[in-house]
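Listed below are the residues making up each chain.
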Amino acid sequence: MQMIFSKKITVRPLFEKESSTYTYLIYDNETLDAIIIDPVKETLQRDVNLITELGLKLQWILETHIHADHITSAFDLHTKFGATIGLSNHAIVDCVQAKCLNDGEEIQVSNDLAFKFIETPGHTNCSACILIDNFLFSGDTLLIRGCGRTDFQQGSNESLFKSVREKLFTLGDETIVLPGHNYKGEFFSTIGEEKSFNPRLKMDNSFEQFAEIMDNLKLAAPKKIDIALAGNKYCGREQV
Ligand SMILES: [Fe+2]
């Protein structure tokens, strides 16, 4: 698995193969303050080991939305490292450890590490993307040559189209897009590439063309949807 460096921060993609989910660990190279995005229960131990081995100080556990395909390890990571769980204020969770973040909110984590929380409803009503430097962690809003489905969890074609066109596609073309999933073994894209080549959302497509594609996907429900939504309501905390 590759690592993506800038002078000041490291972005480390991690993969969970059952749900094809990317978890991202981002840290300040000097202070080792760290953020993890979309951690998965199945790979909790791997992530704990890595954070410990690298001596990282985990400050934030961010969720791009309430996931329907896997259970988050946010609560376990919070318990282990004391980091704050952050998610959209539109996410309905029963988790006092979670801090709700607002659209456009910018949080300075260390001298060289800050993130901007960008609400991008559409895949779900609580979907968001995280911008760190030139890296956009796009969750299930914008995938490489695709996007998240819009047919459950208050999904909306209108909202997703608007979120991508008005918020994500107004970022610089060189912005690196790091998605929440990939099913073909690809790691990243750029905003410029997606504006030109995303078959659903490229600038040449009208909303009507986008909606027609989305309305005809005929996807099966995720295998774990019932247990995932139930577990993620508590940020992955085991219920006894
Ligand atoms: Fe999702």
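Residues numbered from 1 in each chain as written. Predicted model: local features only at pLDDT ≥ 70, side-chain atom pairs only at ≥ 80, totals over all residues. Heavy atoms only, no water.

K.L.:
Residues and numbers for the coordination of the iron ion, please.
P.N.:
Taken together, H65 (NE2), H123 (NE2) and D140 (OD) make up the protein donors of the iron ion, found 2.0 to 2.4 Å from the metal. All donors of the iron ion come from a single chain, and their spacing in sequence reads H-x57-H-x16-D. Here the residue H65 occupies a position in the loop between β5 (57-62) and α2 (74-81), and D140 occupies one in the loop between β11 (135-139) and β12 (142-143), the gap between them amounting to 75 residues. With respect to burial, H65 and D140 carry one shared label: buried. (Donors = N, O, S within 2.8 Å, 3.2 Å for Na, K, Ca; no water. Helix = DSSP H or I, 4+ residues; strand = E, 2+ residues; numbered from the N terminus. Buried < 20%, exposed > 50% of the residue type's maximum accessible area, 1.4 Å probe, protein only.)

K.L.:
Hey, could you go over the UniProt feature "domain: Metallo-beta-lactamase" (unreviewed entry) in the chain for me, with residue numbers and the actual values?
P.N.:
Summarizing the sequence annotation, UniProt attributes the feature "domain: Metallo-beta-lactamase" (unreviewed entry) to residues 20-181 in the numbering used throughout. Secondary structure across residues 20-181 divides into 19% helix and 34% strand, with the first and last C-alpha atoms of the span separated by 6 Å. (UniProt positions renumbered as here; feature names shortened; annotations may be inferred.)

K.L.:
Would you mind going over the pairing of β5 in detail, with residue names and values included?
P.N.:
Sheet topology places strand β4 (residues 33-37) next to β5; five bridges connect them, and they run parallel. When the bridges of β5 are listed, A34 appears paired with L58. The β-α-β motif built from β4, the intervening helix α1 (residues 44-53) and the parallel element β5 has right-handed crossover chirality. Of the pairings in the sheet, the one linking β5 to strand β6 (residues 84-88) comprises three bridges and is parallel in character. Residue pairing in the sheet places W60 in a bridge with T84 of β6. Regarding topology, α2 serves as the crossover connection from β5 to the parallel β6, and that connection is right-handed. (Pairing = 2+ DSSP bridges. Right-handed = clockwise from strand over helix to strand, strands pointing away.)

K.L.:
Requested: an account of the sheet that holds strand β15 (residues 189-190), with residues and values cited.
P.N.:
Read from one edge of the open sheet, six strands run β8-β9-β10-β11-β14-β15, paired in mixed fashion. For this open sheet the edge positions go to β8 (106-108) and β15, each flanked by a neighbour on one side alone. Bridge count between strand β9 (residues 114-119) and strand β10 (residues 128-132): four bridges; the pairing is antiparallel. Bridge pairing in β10 places I118 opposite C129.

K.L.:
Could you give an account of the pairing of strand β3 (residues 21-28), with specific residues and numbers?
P.N.:
Burial runs high along β3: eight of the eight residues are buried. Burial along β3 is two-sided: T21, T23, L25 and Y27 and Y22, Y24, I26 and D28, pointing in opposite directions, are all buried. Relative to β3, strand β2 (residues 9-16) is paired through eight bridges, and the arrangement is antiparallel. Opposite F15, over in β3, you have Y22 as the bridge partner. A loop of four residues connects β2 with β3, the two strands running antiparallel in sequence, and S20 in this loop sits at a positive phi of about 50°. As paired elements, β3 and β4 share four bridges and run antiparallel to each other. Note that in β4 the partner of L25 across the bridge is I36. If you look at the hairpin formed by β3 and β4, you'll find four residues sitting between the two strands, and L32 has a positive phi there, around 70°.

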